[in-house]
Amino acid sequence: MKITVKPGKLETIRTDAAVIMIVEGEKPGPVAARVDKALGGMVQRLIKRGECTAKPGSVCLLYPEGKIAAERLIVVGLGKRADLTLDRLRLAAGKAAAAGRSAGAKNIVVAPEGSSFDPAEAGQALAEGSTLGLYRFLKYKSKDKNNGKKEIASITVLMEKASAAGAFQKGVRTGEIIAAQAALVRDMVNSPSADMTPTDIAGIAKGLARKHRLKVQVLERDRMRKLGMGALLGVASGSVQPPKFIIAEYRGGGKRPFVALVGKAITFDSGGISIKPSDNMDRMKDDMSGGAAVLGAIANAAALKLPLNIVALVPATENMPSGSAYKPGDVLRTMSGKTIEIINTDAEGRLILADALAYACRYKPAVIVDIATLTGACRIALGQEATGMVGTSEKYKQKMRAAGEKTGERVWELPLWDGYQDLIKSDIADMKNAGGRDGSVITAACLLSKFVEKYPWVHLDIACTAWTDKDRPYTPKGATGIGCRLLTQFLRDYAAGAK
Ligand code: BES
Ligand code: MN
Ligand code: ZN
């Protein structure tokens, strides 16, 4: 799909569908007012009758029958002015594009009226909302792939004020880059584990390296052994899929210290010997969401040419039961030298992250951010509305919170108080990998905290947000692609602050 920005009058453009945006409790803006006049006041009449509303994301489809040049008119609501956020604009753009597609439109023209945002930010939100709102995962549908509906081929954004068009266009370009990467992350997470093995993820990382200015290195089992990555190797021992330790570097920041991103990539989490119940086990193909997110974010950083040095580390393996699998009671020696007693082989994410975090410390990073579908308890605590956050750096937690608000991928902090550390004390090793049900989002983070040395660190638990059981604004049921846009925004803000 192509998104272009140009000057012009909406009512005179021939297109399959024209989109106007309205704000609750406000008179239509100049474009909407002209369109309505051409339609003999039909939009206003429908608003009065309550058939067309300005509620956030509500859409109303009209057939102008020659009164304007467009074949269809989509009126989309932005909600109340006081609540108008960038995320509302994403929602409106997503709903309008999806409504256009269901109506059979191939080309859409949008007048982005009503928002008072900076044009670059509005352009970005519009591109993200429409691209992600149109996202579908059809790779495994054999027939009637598109449900009989064609994909949208082009969206044209009409700007009345030529002065804002340049900035808007730039924002659209940024949004297109970021949304394309987020869609790739969704594809990776939606893919069955048989087609998204550690080897497949390594292949995708190499593909990104060819496309962008990234250096990608993939460590195999023998290198992991030499490095002493006993935790990652322990988790991998039950699987016939070879584990991969993926290192992607982006150097755009001269001599600046690295930002380290670490993402959990369990391509299938059966639980291992502590096997999971079969209900919903199919979902455990999403346990590589963190790894996909950091690859997406570093690719964005490269595509946006951020003036930063970034390393993305992705420990990738399956967690399977077998005769060679690691077992409860085993003690694994991590790359840092610290030992972990295994209480439950289903608490595997923290193990592979322990080795990856230790590896991250080699870069002497300015900050380490890890992202992982780490605990079922995260959903108990926060539902599917927020990502759990724990960390040691007030400054970077605050920056992550801000990035969450801006992207709509919101985070909520849980405490990392000393008392929780006692829950993972082991009788025979330096720590144990599971501390029972109490505060288990936090006790998982406690284990991670032992591997980040003194580096500022933020941990994101996306077990609750990587997948959605219902359609959401611009996110259809399934993989959400969470973290990719959040981390990209975090990096962009970081780059802007470092200038
Ligand atoms: N990958 C799971 C966490 C998860 C659960 C993600 C449900 C998405 C939905 C993780 O590896 C896990 O199994 N965690 C256990 C830890 C426990 C054994 C200490 C959990 O949360 O139950
Ligand atoms: Mn598990
Ligand atoms: Zn897991």
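Structure: see above.
Residues numbered from 1 in each chain as written. Chains lettered and ligands numbered in written order. Predicted model: local features only at pLDDT ≥ 70, side-chain atom pairs only at ≥ 80, totals over all residues. Heavy atoms only, no water.

Trainee: Explain the layout of surface pockets to me, using residue names and the numbers behind them.
Mentor: Of the volumes computed, that of the largest pocket is approximately 1,200 Å³. Considering the residues around the largest pocket, the lining is formed by 39 residues, among which Lys276, Asp346, Thr375, Gly376 and Ala377 are closest to the centre. Broken down by secondary-structure element, the contributors of at least two residues to the lining of the largest pocket are α11 (377-382) and α14 (440-449). Tallied by class, the residues present in the lining of the largest pocket amount to 15 nonpolar, 11 polar and 13 charged. Put simply, the second largest pocket is a space of about 730 Å³. Asp87, Gly408, Glu409, Arg410 and Tyr474 are, among the 32 residues lining the second largest pocket, the residues nearest its centre. Among the secondary structure elements, those contributing two or more residues to the lining of the second largest pocket are α3 (86-102), α5 (162-190), α12 (394-407) and β19 (467-468). If one sorts the elements of the lining of the second largest pocket by residue count, α3 sits on top with 4 residues. Of the residues that constitute the lining of the second largest pocket, the class distribution is 10 nonpolar, 9 polar and 13 charged. (1 Å grid on protein atoms, 1.4 Å probe; cavity = no way out; pocket = protein on both sides within 12 Å on 5 of 7 lines; lining within 4 Å. Points joined across faces, edges and corners; volume = space filled by probe spheres on them. Helix = DSSP H or I, 4+ residues; strand = E, 2+ residues; numbered from the N terminus. Nonpolar A, V, L, I, M, F, W, Y, C, P; charged D, E, K, R; others polar.)

Trainee: Which residues make up the coordination of the manganese ion (ligand 2), and what values do they have?
Mentor: Donor atoms from the polypeptide that coordinate the manganese ion (ligand 2) comprise Asp269 (OD), Asp346 (O), Asp346 (OD) and Glu348 (OE), at 2.1 to 2.2 Å from the metal. One can describe the donor arrangement at the manganese ion (ligand 2) as irregular, given that its 6 donor atoms subtend angles of 69 to 167° at the metal. Donor residues for the manganese ion (ligand 2), ordered by position in the chain, follow D-x76-D-x1-E. (Donors = N, O, S within 2.8 Å, 3.2 Å for Na, K, Ca; no water. Tetrahedral: all angles 85-135°; square planar, octahedral: opposite > 155°, others 65-115°.)

Trainee: I'd like a description of the packing of aromatic side chains, backed by residues and values.
Mentor: Scanning the entire structure with this criterion turns up 7 aromatic pairs. Grouping aromatic residues by their ring pairs yields a cluster made of Phe245, Phe258, Tyr359 and Tyr363. In this arrangement the basic side chain of arginine 186 is found over the ring face of tyrosine 135, its NZ or CZ atom lying 5.2 Å from the centre. The ring of phenylalanine 451 has lysine 338 lying over it, and the distance from NZ or CZ to the ring centre is 5.7 Å. (Phe/Tyr/Trp six-rings, centres within 6.5 Å; stacked < 30°, edge-to-face > 60°. Lys NZ or Arg CZ within 6 Å of the ring centre and 35° of its normal.)

Trainee: For the coordination of the zinc ion (ligand 3), give the residues involved together with the corresponding values.
Mentor: Taken together, the protein ligands of the zinc ion (ligand 3) are Lys264 (NZ), Asp269 (OD), Asp287 (OD) and Glu348 (OE), with distances of 2.0 to 2.4 Å. Counting the intervening residues between successive donors of the zinc ion (ligand 3) yields the motif K-x4-D-x17-D-x60-E. In this structure the manganese ion (ligand 2) is found 3.1 Å away from the zinc ion (ligand 3), and aspartate 269 serves as a bridging donor for the pair. Separated by 79 residues along the polypeptide, aspartate 269 in strand β10 (residues 265-269) and glutamate 348 in the loop between β13 (339-341) and α10 (349-361) bring together distant segments of the chain. There is no split in this pair, since aspartate 269 and glutamate 348 are both buried. (Buried < 20%, exposed > 50% of the residue type's maximum accessible area, 1.4 Å probe, protein only.)

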